[in-house]
Amino acid sequence: MNHEDMNKLLKPKSIAVIGASATPGKIGYTVLENLQKSGYQGPVYPINPSATEILGMKCYASLADVSGSIDAAVMCVPVKLVNACAEDCGKKGVKGLIVITSGFSEVGRKDLEDELIATAKKYGMRILGPNIVGTLSNSDKMNASFAPFLPLDGKATLVTQSGALLIAMDAATYTRRVGFDKMVSIGNMCDVDIADIIDWLNDDPNSTCTSLYIEGLKDGRKFIKSGRASKKPIIALKSGVSAHGAAAAASHTGSLAGAAKVYGSAFKQAGVIQASDLDNLFDRTLALSLMPPLKGENLLVITNGGGVGVLATDAAERYGIPMKFAPKDVQDEMKKHMPEFGSAKNPVDLTGMAGTEWYTESVRFAISHSWVEGLIVLYCETAMTNPLEIAKGIKQAIDEAGQKDKPVTVSFVGGEKSAAAMAWLVENGVPAYGAPDLAVNAMAALREYALLRETAKEPSYKPNDAARKAAMKIISAARADGRDALTEIEAKQVFMAYNLPVTTTELAKSEDEAVALAKKIGFPVVMKIVSPEILHKSDAGGVKVNIKDEAACREAYNTIIKNAKAYKADANIHGIAIQEMAPWGTETILGSTNDSTFGPTIMFGLGGIFVEVLKDVTFRVAPVDKVQAVEMFDEIRAAAILKGARGESPRDRKALAETVEKYSNMISDLEDEISESDANPVLVYEEGKGLKVVDARIILKKK
């Protein structure tokens, strides 16, 4: 990314409005008027061959008529004129194109968009859009958009793919009292994308937090890389995560890889905090833009009402930062600022008798104490107190304590006076909310940010050339045979190339060969149909387990062949797999899918009912290291089973983490070849006893 070119796009020192209009209500008029009203300090050049002056500004027939240099051009012309205007911009030396015009790839005209991209590349220009509202910046006094006004001034930046949402949020900043320095409409992202904006904001002194509204990403891995490198917190609201319209897939993983789960995991890997809805995006943005991260879990709550204290306690547990009783010295000090019937345990209930002095003294002490890592201050409006005075006392205490690395969130519950007091707190840099659970959720976002910064690291991964060469020999043979699915035996051979602990499995092409192989492997054995046309073997009656002797082996062989032919008469049957019967273990599943946004993506879950019915699985974008694998184990609802629930011994999580890492490396190495895959089940034994991959499936990309 060329930083200077991005500056000319997003912080231009001169702007041309191409398609400037003298008619109120037209976008070309509104953009020009907004630049004027926002107090933009640089020269503005309206381009309109049919006018001499608009809004008191001299008009120019073309860019060539402008004698000065132009950093950015705002395009307000019809779509059929955009590309010719872009050519003119390139010749003039313009470096930033802010393309408000719609009618490109969003309506199927990708050809016009490709032409625009080619022109921009030819002249070294950057494009914002097309199909956008524009861009707004308080610090630059610039409203280069058709949004009605600059947002409430603040320290956050909003980047949104929805132009209508930007306009709505622009207005809502004043009612919600959440300030933004910048708002950027990004539209089709034909050139500059969300990751580029994140990178650019790293060096922006006016922005402390980035808020995203995301409908979809074009390059998910670029986004993850930028998120990991961000020096500032990022919070994202992702839309379009419902199951409606999900494509059918050939593997368990493919069918379970919904947008919500994959994006959610990718956000974690990128160090991005998620918002649950639009209100939550505002609430969390407020805290993240004003406060440092919560570096520990020692959270203290000070309140004048037991009810709101209990609500905060419930919310703290719900949001992952359960409260603890305060140490004795903290309790002893707090008792000095409450009547005898107050409670100093945590929440600290100063009771309804608490006035400004008690609040000030309690907050000053609490925020200074080494045990307290985060502070939530709650206030219920009473007839005996002035909410604004309480707010000023809280702020005074924070300032006098001089602590800059401990977060504070506040909630006032009451009427207009409490609302005014909270507005005052926000204006003075303290996030305040109208309900205790919102203050706790905001604190939880600050905790999430601290934890994500510790875990959102690039995993160590080196391609395994020898393993890839061995795997490609098997894959190439299958492709030469006209197949896009490997047999189980072939899939296990690929797994073995990457040292995955698969069960011993050999192919029998006759009844006698099946008996010989069963004796060689050792009874009992498992027998399975091997056919590229029968991927779900159990559905076809193609699996027999616990085959204990020669007679049972012969019977199973014939039954499986008969069932397979009945299931699919024209199936190409390679033979019967004779497999060692692994001892019982905890069933887990590993899988992969090639996500259209993020590429190779790994799934983990417990097998059986947990995956089939409960869909209790989690995802990561590959590659995944052992540390990230353990995170995956702890994310599923049935995590306790692996740790040893109800008297069971803990499972071998170390061996499982190593296997996930190897599997992930295999999927990364073969990302151009593998579309979907499953290792299911993977039987995990007691701690120190390893695991076995019992079944394997690989679906190849069509070429």
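Engineer: Even after reading the chapter, I still don't get the overall build of the protein chain, so can you show me in this structure?
Structural biologist: A tally of regular secondary structure across the protein chain gives 24 helices and 29 strands. Over its C-alpha atoms, taken along the principal directions, the protein chain stretches across nearly 95 × 80 × 40 Å. A fraction of 71% describes how many contacts in the protein chain between residues 6 or more apart in sequence connect residues 24 or more apart. Accessible area for the protein chain stands at about 28,600 Å²; split by element, carbon and sulfur atoms hold 51% of it. The averaged location of the 87 negative side-chain charges in the protein chain is 3 Å from the averaged location of its 81 positive side-chain charges.

Engineer: Could you clarify how one ought to interpret the sheet that holds strand S2 (residues 44-47) in this entry?
Structural biologist: Within a sheet, each strand pairs with its neighbour through backbone hydrogen bonds, oriented either parallel or antiparallel. Spatial strand order, S2-S1-S5-S6-S7: 5 strands in an open sheet with parallel pairing. The outermost strands of the open sheet, each flanked by one partner alone, are S2 and strand S7 (126-128). Across this sheet, the average inter-strand angle for adjacent strands is 20 degrees, counted without regard to direction. Pairing of strand S1 (residues 15-18) with strand S5 (residues 72-75) involves 4 bridges; the strand directions are parallel. Paired with Ile-18 across the bridge in S5 is Met-75. Along the sheet, helix H1 (residues 3-10) makes contact with S5, strand S6 (96-99) and S7, crossing S7 at roughly 40 degrees. Strand contacts of helix H2 (residues 27-37): S1, S2 and S5, with the helix running at about 160 degrees to S1, the strand carrying the most contacts.

Engineer: Any chance you could explain the pattern of salt bridges here in plain terms?
Structural biologist: Note that side chains of opposite charge can pair when their charged atoms are close. Tallied over the entire structure, the rule returns 49 salt bridges. In this structure, Arg-177 engages Glu-427 in a salt bridge whose closest nitrogen and oxygen atoms are separated by 3.3 Å. Taken together, the positions of Arg-177 in the loop between helix H5 (163-176) and strand S11 (180-185) and Glu-427 in helix H15 (residues 416-427) put the pair 250 residues apart, joining distant regions of the chain. A relative accessible area of 28% places Arg-177 in the partly exposed class. With its nearest N and O atoms 3.4 Å apart, the salt bridge here joins Glu-631 to Arg-620. Of this pair, Glu-631 sits in helix H22 (residues 626-635) while Arg-620 sits in strand S26 (residues 617-621), placing them 11 residues apart in sequence. In this structure Glu-631 comes out as partly exposed when scored by relative accessible area, which is 22%.

Engineer: Explain helix H4 (residues 110-123) to me, please; I cannot follow it from the model alone.
Structural biologist: Because the α-helix completes a turn every 3.6 residues, residues three or four places apart line up on one side. The first and last C-alpha atoms of H4 sit 20 Å apart over 14 residues, in line with the 20 Å expected at 1.5 Å per residue. Burial in H4 covers these residues: Leu-112, Glu-113, Leu-116, Ile-117, Thr-119 and Ala-120. Viewed end-on, H4 has its buried residues packed into an arc of 160 degrees, placing them on one side of the element. Along H4, the residues that are exposed and aim more than 90 degrees away from the buried face are Lys-121 and Lys-122. Those residues of H4 that are buried are in contact with helix H3 (79-92), S6 and S7. Gly-124 sits one or two residues past H4 and shows a positive phi near 70 degrees.

Engineer: Is there a simple way to think about a nonpolar patch on the surface in this case?
Structural biologist: Judged by side-chain polarity, Ile-609, Val-613 and Leu-614 come together as a nonpolar surface patch covering roughly 290 Å² of accessible area. Take Ile-609: it is sitting in helix H21 (residues 609-612). The exposed category is assigned to Ile-609, whose relative accessible area is 52%.

Engineer: Hey, could you run me through the packing of helix H10 (residues 278-290) against helix H16 (residues 436-455) in this one?
Structural biologist: Each pair of packed helices can be described by the angle between their axes along with the distance between the axes. Taken N-terminus to C-terminus, the directions of H10 and H16 make an angle of 60 degrees; their axes are 9 Å apart at the nearest point. Judged by the inter-axis angle, H10 sits oblique to H16. Seen along the crossing, H10 lies across H16 with a hand that is right-handed. Across from Asn-280, Asp-283, Arg-284, Ala-287 and Leu-288 in H10, the residues of H16 making contact are Leu-438, Asn-441, Ala-442, Ala-444, Ala-445, Leu-446, Glu-448 and Tyr-449. In the contact of H10 with H16, the residues fall into 8 nonpolar, 2 polar and 3 charged.

Engineer: Explanation requested: the side chain of Asn-280 in the structure shown.
Structural biologist: Among the secondary structure elements, Asn-280 is positioned in helix H10. A distance of 3.0 Å separates a polar atom in the side chain of Asn-280 from the backbone nitrogen of Ser-276. Here Asn-280 is in contact with Ile-235, Gln-274, Ala-275 and Asn-441, once residues within four sequence places are set aside.

Engineer: How should I be thinking about the nonpolar core in this particular structure?
Structural biologist: Side chains of nonpolar character tend, in soluble globular proteins, to be buried together. Residues Leu-300, Ile-302, Met-334, Leu-375, Val-410 and Phe-412 are the most contacted members of the largest nonpolar core, which totals 80 residues. Ranked by residues supplied to this core, first place goes to H16 with 9 residues. Contacts of Phe-412, omitting those with residues within four sequence positions, involve Tyr-379, Pro-387, Ile-390, Ala-391, Ile-394, Ser-418, Ala-421, Met-422, Leu-425, Tyr-433 and Gly-434. Residues Ile-54, Cys-76, Leu-201 and Phe-619 belong to the second largest nonpolar core, which totals 55 residues.

Scoring rules and cut-offs
- Residues numbered from 1 in each chain as written.
- Predicted model: local features only at pLDDT ≥ 70, side-chain atom pairs only at ≥ 80, totals over all residues.
- Heavy atoms only, no water.
- Helix = DSSP H or I, 4+ residues; strand = E, 2+ residues; numbered from the N terminus.
- Contact = heavy atoms within 4.5 Å.
- Areas by Shrake-Rupley, 256 points an atom, 1.4 Å probe, with all protein chains shown as cover.
- Lys, Arg positive; Asp, Glu negative; His and termini not counted.
- Charge placed at Lys NZ, Arg CZ, Asp CG, Glu CD.
- Pairing = 2+ DSSP bridges.
- Axes fitted to C-alpha atoms, helices over the stretch in contact; angles between N-to-C directions.
- Salt bridge = Lys/Arg side-chain N within 4 Å of Asp/Glu carboxyl O.
- Buried < 20%, exposed > 50% of the residue type's maximum accessible area, 1.4 Å probe, protein only.
- Expected span 1.5 Å × (residues − 1).
- Arc of directions from axis to C-beta.
- Patch = residues over 30% accessible without salt bridge, like charges linked within 9 Å, V, L, I, M, F, W, Y side chains within 5 Å.
- Parallel < 35°, antiparallel > 145°, perpendicular 65-115°, else oblique.
- Left-handed = near helix turned anticlockwise from the far one by under 90°.
- Nonpolar A, V, L, I, M, F, W, Y, C, P; charged D, E, K, R; others polar.
- Polar contact = N/O pair within 3.5 Å; in protein donor to acceptor, adjacent residues only side chain to side chain.
- Core = buried A, V, L, I, M, F, W, Y, C linked by side-chain atoms within 4.5 Å.

Scope: geometric values only; no functional claims are made or implied.
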